[in-house]
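Examination of the molecular architecture
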Amino acid sequence: MQSQIIDPAKIEQNHHHATADSHHEEHPDHRLFGLVMFLIAEGMIFMGMFGAYLAFRATLPVWPPAGTPELELLLPSVNTVILIASSFVMHNADTAIKKNDGKGMRTWLAITAAMGAIFLVGQVYEYTHLEFGLTTNLFASTFYVLTGFHGLHVTVGVLAILAVLWRSRTPGHYSNEKHFGIEAAELYWHFVDVIWIILFGLLYLL
């Protein structure tokens, strides 16, 4: 009968995996659930604002109020295309890291952040050329509140992407097994994109 040789390193490795699995079972990862709940709450705020806008539109005899200059469509349309395209670019970053392509991930993240920044610059440019102010009338007030609140979310999204990009400098910080930060930033960015599509339809097309 041959005696088996016990490998201490293998025993230690098995113990490490067992400990990690036990820790995961005792402390499950609820970060994604928390993020989804946060986005649902933010979505409810936006829905309330959209509902108020529609109520104003339905109750007033003329909308926008008489004398309100028409909104230009060219710049907001270009901004919309940029933001929608950035969602696909952001998804490429997530796809890249799941293939352990760190360089590709950083490239796509940088492009997404740049596109978000371009959107914000376009929004500021539009603000500076509008022919009405925040207190001109009810339409003007709701326009600035809705687009400004969304712009705040875009700013937060750009900062989140830059934070992920900064943390990715550390080798191995993100990999095909560890990429929650990228997934979270992507989900938030898609949320911002969907909200803008609704907002663009309400303010510029209806």
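Residues numbered from 1 in each chain as written. Predicted model: local features only at pLDDT ≥ 70, side-chain atom pairs only at ≥ 80, totals over all residues. Heavy atoms only, no water.

Our focus in this paragraph is the confidence of the model for the protein chain. Summarising the model, the protein chain shows a mean pLDDT of 87, and 86% of its residues fall at 70 or more. Predicted confidence is poor over residues 15-24, with pLDDT under 50, and the contacts of this stretch with residues over four places away or in other chains come to 1 contact. (pLDDT = per-residue confidence, 0-100. Contact = heavy atoms within 4.5 Å.)

A separate point is the nonpolar core. In this structure, Met105, Phe132 and Phe143 are the most contacted members of the largest nonpolar core, which totals 44 residues. Among the elements of the structure, α2 (31-59), α3 (74-97), α4 (102-129), α5 (138-167) and α6 (180-205) are those that each provide at least two residues to this core. Take this core: its biggest share by element is 14 residues, from α6. With residues near it in sequence (within four places) discarded, Phe132 still touches Thr68, Pro69, Leu71, Phe139, Ala140, Phe143 and Tyr144. (Core = buried A, V, L, I, M, F, W, Y, C linked by side-chain atoms within 4.5 Å. Buried < 20%, exposed > 50% of the residue type's maximum accessible area, 1.4 Å probe, protein only. Helix = DSSP H or I, 4+ residues; strand = E, 2+ residues; numbered from the N terminus.)

At a closest axis distance of 13 Å, the pairing of α4 and α6 adopts a crossing angle of 30 degrees. Taken together, α4 and α6 sit at an angle that is classed as roughly parallel. Remark: the crossing between α4 and α6 carries left-handed chirality. Of the residues in α6, those in contact with Met105, Thr112, Gly116, Phe119, Gln123 and Glu126 of α4 are Ile182, Trp189, Trp196 and Tyr204. Across the contact of α4 with α6, the residue classes break down as 6 nonpolar, 3 polar and 1 charged. (Axes fitted to C-alpha atoms, helices over the stretch in contact; angles between N-to-C directions. Parallel < 35°, antiparallel > 145°, perpendicular 65-115°, else oblique. Left-handed = near helix turned anticlockwise from the far one by under 90°. Nonpolar A, V, L, I, M, F, W, Y, C, P; charged D, E, K, R; others polar.)

Before going further, it helps to examine the UniProt feature "transmembrane region" (unreviewed entry) in the protein chain. As recorded in UniProt, the sites labelled "transmembrane region" (unreviewed entry) are residues 32-53, 73-93, 105-125, 145-166 and 187-205. Split by type, residues 73-93 is 95% helix and 0% strand. Its first and last C-alpha atoms lie 31 Å apart. For residues 187-205, helix accounts for 100% and strand for 0%, while the C-alpha atoms at its two ends are 26 Å apart. (UniProt positions renumbered as here; feature names shortened; annotations may be inferred.)

We now examine the environment of Leu205. Examined against the element boundaries, Leu205 turns out to sit in helix α6. Measuring from C-alpha to C-alpha, the distance between Leu205 and Leu71 comes to 9.7 Å, with 134 residues separating the pair along the chain.

Summed over all chains, the structure comprises 2 salt bridges. Measuring nitrogen to oxygen at the nearest pair gives 3.1 Å for the salt bridge that ties Lys98 to Asp94. We classify Lys98 as partly exposed; its relative accessible area is 41%. Because the salt bridges share partners, they merge into one network encompassing Asp94, Lys98 and Glu183. (Salt bridge = Lys/Arg side-chain N within 4 Å of Asp/Glu carboxyl O.)

The full count for this structure, using the stated rule, is 17 aromatic pairs. Geometrically, the ring pair formed by Phe46 and Phe191 is edge-to-face, given 6.3 Å between the ring centres and 65 degrees between the ring planes. Here Phe46, found in helix α2, pairs with Phe191, found in helix α6; they are 145 residues apart in sequence, far enough to count as distant. On the basis of relative accessibility, which here comes to 1%, the residue Phe46 falls in the buried class. On the basis of an interplanar angle of 85 degrees and a centroid distance of 5.7 Å, the ring pair of Phe132 and Phe143 is categorised as edge-to-face. A residue pair is termed long-range when its members are at least 10 positions apart, and Phe132 in the loop between α4 and α5 and Phe143 in helix α5 qualify at 11 residues. Phe143 shares its class with Phe132; the two are buried. An aromatic cluster of three or more residues is present, and its members are Tyr53, Trp63, Phe119, Tyr127, Phe132, Phe139, Phe143, Tyr144, Trp196, Phe200 and Tyr204. Here the guanidinium or amino end of Arg31 rests over the ring plane of Phe180, the centre of that ring lying 4.1 Å away. One residue, Arg169, lies across the ring of Trp166, its end atom 3.7 Å from the ring centre. (Phe/Tyr/Trp six-rings, centres within 6.5 Å; stacked < 30°, edge-to-face > 60°. Lys NZ or Arg CZ within 6 Å of the ring centre and 35° of its normal.)

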